[in-house]
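The chain contents come next:
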Amino acid sequence: MRTPLSPRSAVPWRAKRAGASPAYHALTVIPVLLLVGLFTLFPLGYAAITSTRRVLLTLPGSTPFIGLRNYAQVLHDSTTHVAVKNTFLFTALTVPSVIVVGFLVALLLHQPIRGFGLLRALVLLPWSIPLVSAGIIWRLLLHGDFGALNGLLLQLGVVHSYVPWLSSPRLAIQAVALAHVWREFPLPAILILAGLQVIPRETVEAATVEGAGAWARFWHILLPWLRGPLLIILVYETMISVSVFDLVYVLTGGGPGSATTLFSWYTYTSTFTFLNLGHGAALSFIMAGALVVFIALYLRLIRVEARSA
Amino acid sequence: MKRAAGIRQISLGGAGILLGVFIVFPFLWALSASLQTELAIFRRPPSWAPAPATVANYLYVFTGRIPEGYAVRGLLRSTITQEARLLPPGLRNSLEVALGVIVVNLALGPLSAYTFARERFPGKEIAYFLILGTRLLPAVAVAIPIYLIVKQAGLLDTKLALTLIYSAFTLPFTIWVLTLYIRSLPIEVEEAALVDGCTRFTVLRRVVIPLARPGLAAIAAFSFLFSYSEFFFALLMTSSINAKTTPVVIASISVNPDSSYTLIAVGIVLSIIPPMLLALLFRRFITSSLVASMEQA
Amino acid sequence: MQSSIRPGSWTRRDFLKLAGASAASGGLGGVAALARRAEAQPSPVHLNFMVWSYGIETIQDNIKSFQQRNPTITVSLQDTSWFNYHDAMATKFATGDAPDVAYSSDHWLREWVAADWIAPLDQYAPGLAGAQGEWAPYARQGMTLGGHLYGLPYYADLIIFIYNAKTLKQAGFDHPPATWEELAAQAKTIKDKGLSEYPIDIPLKKDDPWTIEIFYSMVYSRGGHMFDKADAPVFNAPGSKAPLALDWLRDALRNKILDPAVLESAEPDVVKTMGAGQHVFTVLAKYNLAELNAGQHEQKGNFRMALMPGDSHSTVGFVRFYALTKAAVTRHHAEAAGKFLQYFGGKTDGRYLVPQRWALEKGLGFAQLPLYDDPQIKAAINAWGSVSLERQQAKLAAVKEGLTPSWGTWDVYAREQIGNVIVGSVSSQQAIKNMAAKWSELK
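Cut-offs used in this document
Residues numbered from 1 in each chain as written. Chains lettered and ligands numbered in written order. Predicted model: local features only at pLDDT ≥ 70, side-chain atom pairs only at ≥ 80, totals over all residues. Heavy atoms only, no water. Contact = heavy atoms within 4.5 Å. Salt bridge = Lys/Arg side-chain N within 4 Å of Asp/Glu carboxyl O. Polar contact = N/O pair within 3.5 Å; in protein donor to acceptor, adjacent residues only side chain to side chain. Buried < 20%, exposed > 50% of the residue type's maximum accessible area, 1.4 Å probe, protein only. Helix = DSSP H or I, 4+ residues; strand = E, 2+ residues; numbered from the N terminus. Arc of directions from axis to C-beta. Axes fitted to C-alpha atoms, helices over the stretch in contact; angles between N-to-C directions. Parallel < 35°, antiparallel > 145°, perpendicular 65-115°, else oblique. Left-handed = near helix turned anticlockwise from the far one by under 90°. Nonpolar A, V, L, I, M, F, W, Y, C, P; charged D, E, K, R; others polar. Pairing = 2+ DSSP bridges. Patch = residues over 30% accessible without salt bridge, like charges linked within 9 Å, V, L, I, M, F, W, Y side chains within 5 Å. Areas by Shrake-Rupley, 256 points an atom, 1.4 Å probe, with all protein chains shown as cover. Expected span 1.5 Å × (residues − 1). Bend = angle between axes of the 7 residues up to and from the residue. Phe/Tyr/Trp six-rings, centres within 6.5 Å; stacked < 30°, edge-to-face > 60°. Lys NZ or Arg CZ within 6 Å of the ring centre and 35° of its normal.

### Here we look at the interface of chain A and chain C
Right, on to step 1. In this complex, chain A contributes 32 residues to the contact, which on the side of chain C involves 35 residues.
Right, on to step 2. Along the contact surface separating chain A from chain C lie 1 salt bridge.
Right, on to step 3. The shortest N-O distance in the salt bridge between C:Asp269 and A:Arg139 comes to 3.6 Å.
Right, on to step 4. Where chain A meets chain C, there are 11 residue pairs in polar contact (both at pLDDT 80 or more).

See below:
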């Protein structure tokens with residue numbers, strides 16, 4: 001579309017304000033803002049208001065403003081403490097597991113072994129299926145009376161009788177964690193694998209020549225190289241772990257007892273089972289607040305990293 | 001030296017096999033269970049391979065032919081849940097909704113992402129933050145207000161409602177990925193086109209989109225996977241098979257006392273085929289776009 | 001859409017025919033009423049009917065028959081799974097999206113009335129309340145509040161004790177246990193003989209609503225109570241049987257006669273593993289006996305019911321019913337909805353058509369006692385159960401006590417405590433204290 005004599009080209013392009021009109025800005029951004037805002041900002045405001053009122057579906061017609069009392073009530077509730085403890089435990093268990101497993105798998109798949117191409121293709125599968133499907137599959141595997149995993153362990157002689165994974169408070173949270181790790185590990189695996197695949201060979205070779213063992217290579221080359229992706233994965237997986245819901249819904253319903261009552265599950269039951277919308281909203285904001293704090297911390301960490309890099 | 005290398009090969013290969021089993025065992029069991037009779041599954045240990053294999057449950061789902069043993073016996077009939085017949089329409093609904101979400105994302109995503117990537121305008125930072133930051137609030141908090149919105153619009157129990165909601169939930173990620181992806185493209189080509197008198201929109205259409213095709217393919221894949229898997233809002237907003245999606249149907253089947261576990265397994269198998277196919281086909285796009293976004297972030 | 005009687009196409013002849021029919025059946029007196037009816041009749045009404053997902057095809061067939069008899073009324077059906085039903089209805093009611101008729105249950109009655117979600121039938125559909133004399137007492141109790149009737153029975157049933165008669169005989173016993181101690185002893189013998197690793201299996205999964213009904217029945221059968229007539233807890237009173245029930249469960253688990261997987265087992269899990277021969281004794285809702293003896297199970301045909309073990313042999317009876325929503329009243333659908341309720345829960349042409357169908361086709365229990373005299377039903381029940389034992393147990397059944405609006409919330413908390421006792425993380429005394437404390441907190 002060269003028009004050498006058009007007035008536009010007479011102006012050096014660096015000098016003029018290249019780009020589009022404000023109308024274009026508006027047209028391309030506002031529809032998205034509206035759609036997203038409708039389903040996120042308005043509900044956010046509504047939830048914020050709800051969290052400051054006493055809203056009990058069993059007492060309709062009266063939703064008085066009670067300020068921050070919902071927050072105070074939930075913070076004092078013992079079930080909240082249990083939920084926080086369980087969530088903390090679950091996150092502390094799963095996030096490192098997902099990352100470590102993902103890392104190990106990436107390292108493994110990076111090796112030029114025959115047949116690993118197929119594995120590299122298969123590795124994304126657990127992550128791709130709906131969480132509900134994954135949950136139901138794992139229930140069929142874990143059940144203490146007919147679970148296939150129990151059958152496998154029995155056949156291999158690892159156990160001498162079926163294990164009630166989801167009936168023991170100690171084991172239940174580990175079982176949910178196992179299902180969670182199975183489902184989540186592919187993501188860090190493929191990201192780290194991609195990162196490994198672009199490490200310049202010269203760097204690694206130079207280090208090997210200089211006598212650096214595998215561990216030294218790992219610590220001084222791989223980790224620094226992957227620092228960025230690892231931090232992002234850390235944040236993402238933490239968010240996912242903290243907000244786990246579908247798995248609890250399908251596998252345990254929060255039980256046995258209150259062993260797998262995680263925070264998002266507790267928020268759900270407050271709203272839909274206990275019909276206390278004020279509490280549910282307050283809990284949601286507490287959870288969102290915690291996530292925001294964490295993300296802010298992370299961003300600061302990233303900025304520090306970037307500056308020191 | 002060679003022996004060490006040989007041992008290394010074998011142990012790595014062994015680790016690979018273990019990994020393969022870890023990934024695939026749950027899927028294989030679901031498949032096997034779907035082809036067996038329930039009696040076989042409840043033995044300890046269960047029969048691993050279906051012997052004999054029976055497709056009776058699959059036939060029931062697709063054709064309504066009641067498997068042997070469930071046939072009418074006098075006045076008292078053994079139960080088999082009719083909910084399983086809802087799997088094919090549920091799958092259809094899921095696919096329709098997912099397709100709709102892809103269309104919305106591909107239409108609106110590149111448009112706004114390109115503006116964010118290359119343009120400067122007042123309120124840009126705020127708009128960007130608003131779009132991305134809203135993902136932090138858990139679904140439970142926004143469930144009832146969203147329900148109210150959908151109800152006011154008269155869209156309860158419709159696929160359109162789900163499409164809109166999922167689009168609102170996937171657009172932030174789409175825009176984030178695409179913005180970063182576009183920023184990673186060489187700016188000179190676009191600038192040259194601008195100099196030649198093209199509008200931003202034309203540049204988008206003729207220059208950026210062709211270059212961003214891998215990113216767009218990834219976005220399509222992500223949008224599909226998210227919409228297909230979404231459970232909570234689908235559960236809330238749908239109440240009949242007009243709009244019920246696959247996760248809702250299989251969850252319902254799994255708690256129905258009339259479901260044989262083999263039937264549940266059939267549901268699982270059918271529900272995971274579409275996303276698995278997609279993941280296998282779009283694997284490279286998904287990986288590369290995620291990596292590209294992370295490098296930019 | 002059925003062909004409807006359109007306004008304007010009413011001829012004098014139709015009007016007279018209608019008047020004649022009305023007069024003959026003595027239904028509505030008064031010409032004014034007739035005139036009003038002639039005006040009201042032609043406008044088609046569309047009803048929304050919400051159910052949990054059970055027997056949907058049967059329901060739709062029933063709806064079709066109803067629509068054929070009532071051409072001006074069309075009904076659309078919505079369903080969601082039983083586990084999600086309460087939460088889904090809460091959402092619907094909260095957002096003004098309520099259906100016209102909905103399934104409800106005795107344990108939600110007070111909550112839904114307090115929240116003004118459902119309407120008393122004697123006020124809005126007076127013709128329906130007449131038949132309640134024919135219903136089982138516990139069912140009537142379950143649908144009545146403050147002297148008002150709130151529904152017609154859909155399905156009423158009992159929690160019963162089920163055992164595998166063949167295995168019992170193999171173990172050398174000639175009668176099922178009459179007390180919980182005897183049950184534990186029989187289970188131990190069966191275990192020692194290698195006939196079953198864990199002879200007792202009960203659904204106690206946290207999100208399974210049956211858990212609390214079964215627990216109540218374990219308390220009732222010992223002659224105990226949970227709440228008094230004023231809805232004050234008595235399960236924490238000295239001498240209460242509730243701690244005994246909890247301790248029995250905990251000990252059964254410790255002695256390895258109770259399946260350790262009970263806390264992850266919902267009703268279908270228990271039914272299928274019982275059917276597969278893994279367990280011998282259970283406590284379940286009665287319709288599961290039909291499933292065990294007629295379904296695809298290795299042990300089918302071997303199961304029998306017995307009266308609940310315990311001093312009083314009492315148990316829990318529960319009723320699920322069709323409720324008329326306040327929303328229907330607001331929309332002026334009450335009359336059409338009343339007809340719907342009548343067809344589904346009451347008599348048509350002098351017979352309980354729909355309840356009979358459920359009984360014959362699915363073995364569902366019923367509250368309408370005259371059905372026990374029907375020879376078809378008698379034969380059907382005896383094919384998998386025992387009409388005489390069922391009748392006996394029904395007389396010894398009581399509704400769950402304490403069903404106040406906050407009971408649902410307390411229920412979930414109580415299930416949690418029960419689970420905690422069974423795994424041994426809290427003592428039964430402490431759990432009882434916690435449950436009582438939660439009750440006062442919720443009041």
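Past the structure itself, the notes keep going.
### As for helix 17 (residues 375-384) of chain C
Residue and element names in this part refer to chain C.
Right, on to step 1. All buried positions along helix 17 are accounted for by Ile377, Ala380, Ile381 and Trp384. Buried residues in helix 17, looked at end-on, bunch into an arc of 95 degrees, giving them a common side. Every exposed residue of helix 17 that faces more than 90 degrees away from the buried side is listed here: Pro375 and Ala383.
Right, on to step 2. Between the side-chain oxygen at the start of helix 17 and the backbone nitrogen of Gln376 there is a gap of 2.7 Å, and the oxygen is on Asp374.

### Let's talk about the packing of helix 7 (residues 131-142) of chain A against helix 12 (residues 246-255) of chain B
Right, on to step 1. Close contact between helix 7 of chain A and helix 12 of chain B brings their axes to 9 Å; oriented N to C, the two are set at 25 degrees. Our classification of the angle between helix 7 of chain A and helix 12 of chain B gives roughly parallel. Helix 7 of chain A and helix 12 of chain B meet at a crossing whose hand is left-handed. Between helix 7 of chain A and helix 12 of chain B, the residues in contact are A:Val132, A:Ser133, A:Ile136 and A:Arg139 and B:Pro247, B:Ile250, B:Ala251 and B:Ser254, respectively.
Right, on to step 2. Of the residues belonging to the contact of helix 7 of chain A with helix 12 of chain B, the class tally is 5 nonpolar, 2 polar and 1 charged.

### Structural notes on the pairing of strand 6 (residues 151-164) of chain C
All names here are of chain C.
Right, on to step 1. Buried residues dominate strand 6, accounting for 14 of its 14 residues.
Right, on to step 2. Of the pairings in the sheet, the one linking strand 6 to strand 9 (residues 315-324) comprises 7 bridges and is antiparallel in character. Looking at strand 9, one finds that Asp157 is bridged to Phe318.
Right, on to step 3. Across 5 bridges, strand 6 lies against strand 7 (residues 281-285) in antiparallel orientation. The partner of Ile162 across the bridge, within strand 7, is Thr282.
Right, on to step 4. As defined by bridge partners, strand 6 adjoins strand 8 (residues 303-306) across 4 bridges and the pair is classed as antiparallel. Directly across from Asn164, in strand 8, lies its bridge partner Phe303.

### Overview of a nonpolar patch on the surface
Right, on to step 1. Together, A:Leu41, B:Ile126, B:Phe129 and B:Leu130 line one region of the surface with nonpolar side chains, adding up to about 390 Å² of accessible area.
Right, on to step 2. Its place among the elements puts B:Leu130 in helix 5 (residues 124-133).

### Observations regarding helix 1 (residues 2-34) of chain B
Right, on to step 1. With 33 residues, helix 1 of chain B should reach 48 Å at 1.5 Å per residue; the first-to-last C-alpha distance of 46 Å fits that figure.
Right, on to step 2. Remark: the principal bend of helix 1 of chain B, roughly 45 degrees, maps to B:Val24, with a proline, B:Pro26, within the next four residues.

### Looking at the packing of helix 10 (residues 210-220) of chain C against helix 11 (residues 242-254) of chain C
All names here are of chain C.
Right, on to step 1. Interaxial distance between helix 10 and helix 11 falls to 8 Å at its minimum, and their mutual angle equals 115 degrees. Relative to helix 11, the element helix 10 lies roughly perpendicular. Considering how the two elements wind past one another, helix 10 and helix 11 form a crossing that is right-handed. Contact with helix 10, carried on its side by Phe215, Met218 and Val219, involves Ala242, Ala245, Leu246, Trp248 and Leu249 of helix 11 and no other residues of that element.

### Considerations on the packing of aromatic side chains
Right, on to step 1. Going through the model one piece at a time under the given rule, you end up with 66 aromatic pairs over all chains.
Right, on to step 2. For the pair C:Phe49 and C:Tyr103, a centre-to-centre distance of 5.7 Å together with 80 degrees between the ring planes defines the contact as edge-to-face. Taken together, the positions of C:Phe49 in strand 1 (residues 45-52) and C:Tyr103 in strand 3 (residues 101-105) put the pair 54 residues apart, joining distant regions of the chain. With respect to burial, C:Phe49 and C:Tyr103 carry one shared label: buried.
Right, on to step 3. Between C:Phe227 and C:Phe235 the ring centres are 5.5 Å apart and the planes differ by 80 degrees, which places this aromatic pair in the edge-to-face class.
Right, on to step 4. Taking NZ or CZ as reference, B:Arg44 lies 4.3 Å from the ring centre of A:Tyr162, over its face.
Right, on to step 5. Sitting above the plane of the C:Tyr413 ring, C:Lys438 keeps its charged end 5.0 Å from the centroid.

### A look at the interface of chain B and chain A
Right, on to step 1. Listed per partner, the contact involves 93 residues of chain B and 88 residues of chain A.
Right, on to step 2. Inspection of the region where chain B meets chain A yields 1 salt bridge.
Right, on to step 3. With its nearest N and O atoms 3.5 Å apart, the salt bridge here joins B:Arg44 to A:Asp145.
Right, on to step 4. The interface formed by chain B and chain A contains 7 residue pairs in polar contact (both at pLDDT 80 or more).
Right, on to step 5. Grouping the amino acids of the side of chain B that touches chain A by side-chain chemistry returns 72 nonpolar, 12 polar and 9 charged.

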